[in-house]
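Fold and contact review
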Amino acid sequence: MTKHDKKPRMSLKPISVVNSMSYEDFISLFGNVIEHCSLCAAAVWRDRPFSDVNSLHKSFCQFTDQLPIGGKEGILRLHPDLAGRLAMSGGLTNESTKEQQSAGLNTLTDQEKKTMHHLNQQYKQKFGFPFVICARENKKEAILTGLERRLNNSGETEAVTGVEEVKKICRLRLLDIVDSSSKL
Ligand SMILES: NC(=O)N[C@H]1NC(=O)NC1=O
């Protein structure tokens, strides 16, 4: 392996730099902190200046929380299945790839793959959106039991629960971009 094979880690941005960004740059940097939903970053830009990464995260949360139930479901529909077809074919975003690997979803046994696929299908059939959970905060066993348990909930509970997980994913993605020690 040459030194060029390793992607250099992006340096963490101080909040002052984030606050001075044009909306184009802001969207390009934060456009995927909520998976495939650059609209969220485009909306949150108007809340500048942010006092720190927590206040930036709060703006993303406020945006998602005020969405009607159909909007919340829409956000969930932008998420890939866990250990689904996209993961198998290498078609996930870089962020999702890392997250799914951290939960051990790339090392499922054949039986676990079958169970995951079956439960994901049942979940989507019942609710009309995919099961979403913050993979970096869970291991594969907890994900499988969570999926089975959450299948018993109502659609409205799941839309809200799913968005709470999206907010956790968003926080960890923001912490990969913004220096959490920097304050305004
Ligand atoms: N379906 C689902 O939960 N997907 C996600 N979870 C996560 O942590 N990253 C994802 O892409």
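Residues numbered from 1 in each chain as written. Predicted model: local features only at pLDDT ≥ 70, side-chain atom pairs only at ≥ 80, totals over all residues. Heavy atoms only, no water.

As named in an unreviewed UniProt entry, the protein is 2-oxo-4-hydroxy-4-carboxy-5-ureidoimidazoline decarboxylase, taken from Mytilus galloprovincialis. Within the UniProt record for the protein, the comment given under Catalytic activity (unreviewed entry) is "5-hydroxy-2-oxo-4-ureido-2,5-dihydro-1H-imidazole-5-carboxylate + H(+) = (S)-allantoin + CO2". The record in UniProt for the protein states the following under Sequence similarities (unreviewed entry): "Belongs to the OHCU decarboxylase family." (UniProt positions renumbered as here; feature names shortened; annotations may be inferred.)

As for the pattern of salt bridges
Taken as a whole and assessed by the stated rule, the structure comprises 13 salt bridges. For the salt bridge of Glu 73 with Arg 77, the shortest nitrogen-to-oxygen distance reads 2.9 Å. Here Glu 73 pairs with Arg 77, and both are found in helix α5 (residues 69-77), just four residues apart, close to one helical turn. For the salt bridge of Asp 176 with Lys 98, the shortest nitrogen-to-oxygen distance reads 3.6 Å. In this pair, Asp 176 is assigned in the segment after α10 (155-175) and Lys 98 in helix α7 (residues 94-102), connecting sequence segments 78 residues apart. Asp 176 sits in the partly exposed class, given a relative accessible area of 25%. By sharing partners, the salt bridges in this structure join Glu 35, Lys 98, Glu 99, Arg 136, Arg 173 and Asp 176 into a single network. (Salt bridge = Lys/Arg side-chain N within 4 Å of Asp/Glu carboxyl O. Helix = DSSP H or I, 4+ residues; strand = E, 2+ residues; numbered from the N terminus. Buried < 20%, exposed > 50% of the residue type's maximum accessible area, 1.4 Å probe, protein only.)

Quick look at the site of the ligand
In the vicinity of the ligand, the contacting residues are Pro 80, Leu 82, Ser 96, Glu 99, Phe 131, Val 132, Ile 133, Cys 134, Ala 135 and Ile 169. With respect to the ligand, the backbone of Ile 133 contributes an N or O atom lying 2.8 Å from a nitrogen atom. One nitrogen or oxygen atom from the main chain of Ala 135 is found 2.8 Å from an oxygen atom belonging to the ligand. Look at the ligand: alone it shows 290 Å² of surface, and the protein chains cover 100% of it. Here the shell around the ligand is composed, by residue class, of eight nonpolar, one polar and one charged. (Near = heavy atom within 4 Å. Polar contact = N/O pair within 3.5 Å; in protein donor to acceptor, adjacent residues only side chain to side chain. Areas by Shrake-Rupley, 256 points an atom, 1.4 Å probe, with all protein chains shown as cover. Nonpolar A, V, L, I, M, F, W, Y, C, P; charged D, E, K, R; others polar.)

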